[in-house]
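# Results of the structural survey
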Amino acid sequence: MSLISRRTLCVLVAASLAAPAFAAAPASKGSLPDGVDLTLDLVGNVASNPVGGVEQGTEGSYWVMAQSKFDLDTLWGVHNTDVDAQWAWFAGRNLAREKIGNSISAQQTWRPVAGGRLTRLTVRHRFDNGLSITAGRAPVNSYFNNSALNCVFMSNAMCLTPYGAITDLGITAYPNSSWAGIVRYDVGDRWYAQAGAFDYNNALNQAGKNGLDFSVGEGTGTITAYEVGYQTTFANDRLPRTYRLGMYRNSDGGKSAYYDANGNSAALTGRPTAVQEGARAGGYAMADQTVWRGAGKRNLALFARAYVNTGNEAPIDTFFSAGFVKTGTFAGRDEDTMAMFVSNTHFSDEQIDYLRDRRTRNGGSGAPHADEIIAELSYGWAVYKGVRLMPNLQYVINPDPIYAPTRTTDIPDALIVGLRVDVHFAQLFGW
């Protein structure tokens with residue numbers, strides 16, 4: 001086990017013994033009577049692949065997230081206005097990249113740039129007619145294509161955002177943020193529509209930026225996102241449900257997955273892939289449907305996700321996933337969860353051709369499979385108020401070789417044994 005894995009495991013075990021759980025939502029919130037809402041969360045992932053991959057091993061990663069929400073109405077009488085500030089620290093290594101060789105991380109806490117980062121700084125004003133406007137620094141996936149059920153898992157195929165859009169469109173995704181404006185209109189307590197515009201500046205994601213580069217006009221494009229939805233809760237529906245339809249567009253056309261600037265295979269020539277004109281775009285749909293409810297909030301919910309690339313050539317054509325979340329398992333375990341999903345990521349012809357040519361250049365032959373199938377089975381154990389342990393099993397069929405550049409044959413299917421630990425200090429200490 002690597003040094004970071006040992007350190008991470010020690011931190012997670014110590015944190016888990018400190019107390020016990022949060023409900024299935026991904027973040028905890030502690031309300032204070034003076035209009036300040038505080039959150040401090042630790043989420044850690046440890047993953048090991050005893051079977052499959054390029055080699056076997058264990059890696060760990062974690063993040064610490066701090067968030068403060070300020071109700072300006074309560075504090076200073078500014079009607080229906082709040083400020084949201086969020087910061088996070090990331091560390092660790094990625095089992096998928098380091099041991100298996102594929103691009104879809106089994107650890108949702110891993111990020112390519114370690115260290116601290118300002119992830120959100122926004123002001124929101126809510127009008128009395130259901131309209132609200134949010135402006136400031138924000139990631140796209142904190143507002144669009146989002147569901148609490150996504151993060152009842154550890155795989156990055158589901159949590160935080162279903163796979164596909166970030167890879168294809170380069171959407172500004174947590175923990176990265178950029179200048180943003182979001183307009184939302186709620187029709188009653190069920191229907192809503194929202195639209196957002198986000199500055200696309202990939203340089204902001206680099207090491208050393210830390211989310212503190214507030215420069216204006218230096219981006220290479222604009223990301224626009226649109227979503228309509230219908231959602232209910234246990235407060236207004238016996239069988240709560242959420243349905244969302246949305247689309248993204250990035251005016252930065254991105255780079256080809258196959259061609260160099262001369263129209264040849266970049267994998268064979270060794271030249272960079274070509275910059276594309278036009279725009280990147282994609283659409284998505286998601287559904288959460290509670291199909292059974294027992295005493296209290298014991299329930300069974302089914303879900304499905306879909307993403308389709310509709311713009312420029314990109315690495316992924318489609319992504320689909322489906323599964324279930326059972327809240328309340330054994331007698332007396334009303335807040336435990338048992339959950340499972342299966343996903344299929346279908347890579348584009350251009351991406352597969354690039355990987356085929358790269359394999360040929362290294363002395364191999366043939367092409368990797370275009371469909372990468374991932375399944376996860378998890379059990380969320382509510383150990384104590386604010387502390388949850390989530391052992392899980394993941395299985396990867398047809399791992400893509402994106403991070404195994406010299407691989408000349410298919411990567412063996414991988415079995416992953418994982419442990420996720422969530423410590424939500426606001427709930428733990430009753431803030």
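Attention here is on the structure that accompanies the text. (Residues numbered from 1 in each chain as written. Predicted model: local features only at pLDDT ≥ 70, side-chain atom pairs only at ≥ 80, totals over all residues. Heavy atoms only, no water.)

Side-chain pairs of opposite charge can arise where the charged atoms are in close proximity. Scanning all chains against the criterion turns up 19 salt bridges. Here D237 ties to R241 by a salt bridge, and the two come within 3.0 Å at their closest N and O atoms. Residue classification places D237 among the buried residues on the basis of a relative accessible area of 13%. The shortest N-O distance in the salt bridge between R280 and D252 comes to 3.3 Å. You can see R280 sitting in strand β13 (residues 280-293) and its partner D252 sitting in the loop between β10 (241-250) and β11 (255-260), a full 28 residues away along the chain. Across the pair, exposure class does not vary: R280 and D252 are buried alike. (Salt bridge = Lys/Arg side-chain N within 4 Å of Asp/Glu carboxyl O. Buried < 20%, exposed > 50% of the residue type's maximum accessible area, 1.4 Å probe, protein only. Helix = DSSP H or I, 4+ residues; strand = E, 2+ residues; numbered from the N terminus.)

Attention now moves to the environment of T74. Along the chain, T74 falls in helix α2 (residues 72-76). Spatially, the C-alpha atom of T74 lies 8.8 Å from that of V36, the residues being 38 residues apart in sequence. A distance of 3.2 Å separates polar atoms of two side chains, one belonging to T74 and the other to D71. (Polar contact = N/O pair within 3.5 Å; in protein donor to acceptor, adjacent residues only side chain to side chain.)

Pairing of strand β8 (residues 191-200) with strand β9 (residues 221-231) involves ten bridges; the strand directions are antiparallel. Directly across from A195, in β9, lies its bridge partner Y226. By the bridge criterion, nine bridges tie β9 to β10 in an arrangement that is antiparallel. Looking at the pairing, E227 lines up with G246 of β10. (Pairing = 2+ DSSP bridges.)

The next point concerns the side chain of N80. Looking at the secondary structure, you find N80 in the loop between α2 and β4 (81-92). Those residues in contact with N80 that lie beyond four places of it in its chain are D73, R124, H125, R126 and D128. (Contact = heavy atoms within 4.5 Å.)

A few words on the state of the cysteines. Using the criterion set out here, one finds one disulfide in the structure. Two residues, C151 and C159, share a disulfide whose sulfurs are 1.9 Å apart. Handedness of the C151-C159 disulfide follows from its S-S torsion of about 90°: it is right-handed. Judged by relative accessible area, C151 falls into the buried class, the value being 4%. Classification of C159 as buried rests on a relative accessible area of 0%. (Disulfide = S-S within 2.5 Å.)

With that settled, the discussion passes to unusual backbone geometry. The peptide bond linking C159 to L160 adopts the cis configuration, its omega dihedral lying at 15°. Checked against the element boundaries, L160 lands in the loop between β6 (131-138) and α4 (165-169). Omega for the peptide link from Y174 to P175 comes to 15°, which places this bond in the cis form. Its identity is not glycine, yet N210 carries a phi of approximately 60°, on the positive side. If you trace the backbone, N210 turns up in the loop between β8 and β9. Judged by relative accessible area, N210 falls into the partly exposed class, the value being 30%. Phi is positive for N398, close to 60°, though the residue is something other than glycine. By the element assignment, N398 lies in the loop between β18 (387-397) and β19 (414-424).

Another aspect to go through is the side chain of D237. Here D237 shows up in the loop between β9 and β10. A distance of 3.2 Å separates the side chain of D237 from the backbone nitrogen of L239, its partner in a polar contact. Excluding anything up to four places from it in sequence, D237 contacts T232 and R293.

Attention shifts here to the nonpolar core. Counting 41 residues, the largest nonpolar core has V140, F144 and Y248 as the members making the most contacts within it. F144 has contacts with I182, Q194, A195, G196, F198, A225, Y226, E227, Y248 and Y284, leaving out every residue within four places of it along the chain. Judged by nonpolar contacts, the second largest core, of nine residues, contains A88, F90, C159 and L160. (Core = buried A, V, L, I, M, F, W, Y, C linked by side-chain atoms within 4.5 Å.)

Here the focus is a nonpolar patch on the surface. A cluster of nonpolar residues, F330, M338, M340, V342, L377, L393 and V417, forms a patch on the protein surface that exposes about 580 Å² of accessible area. Ranked by residue count, the leading element in the nonpolar patch is strand β16 (residues 337-347), at three residues. You can see V342 is positioned in strand β16. (Patch = residues over 30% accessible without salt bridge, like charges linked within 9 Å, V, L, I, M, F, W, Y side chains within 5 Å. Areas by Shrake-Rupley, 256 points an atom, 1.4 Å probe, with all protein chains shown as cover.)

Moving on, we come to the pairing of β6. Bridging between strand β5 (residues 115-126) and β6 involves six bridges; their strand directions are antiparallel. Looking at the pairing, T122 lines up with G136 of β6. In this structure, β6 lies alongside strand β7 (residues 178-187), joined through eight bridges in antiparallel fashion. Note on β7: the bridge partner recorded for S132 is R184.

Right, let's get into the packing of aromatic side chains. What characterises a pair of aromatic rings is the spacing of the ring centres plus the angle enclosed by the ring planes. Evaluated as defined, the whole model comprises 13 aromatic pairs. A ring pair is formed by W87 and W89, whose centres lie 6.4 Å apart and whose planes are at 40°; its orientation type is tilted. These aromatic residues form a ring-pair network of at least three members: W63, F90 and Y174. Across the ring face of Y403, the terminal group of R97 is positioned such that the distance to the ring centre comes to 3.9 Å. One cation-aromatic arrangement involves R184 over Y192; the distance from NZ or CZ to the ring centre is 4.1 Å. (Phe/Tyr/Trp six-rings, centres within 6.5 Å; stacked < 30°, edge-to-face > 60°. Lys NZ or Arg CZ within 6 Å of the ring centre and 35° of its normal.)

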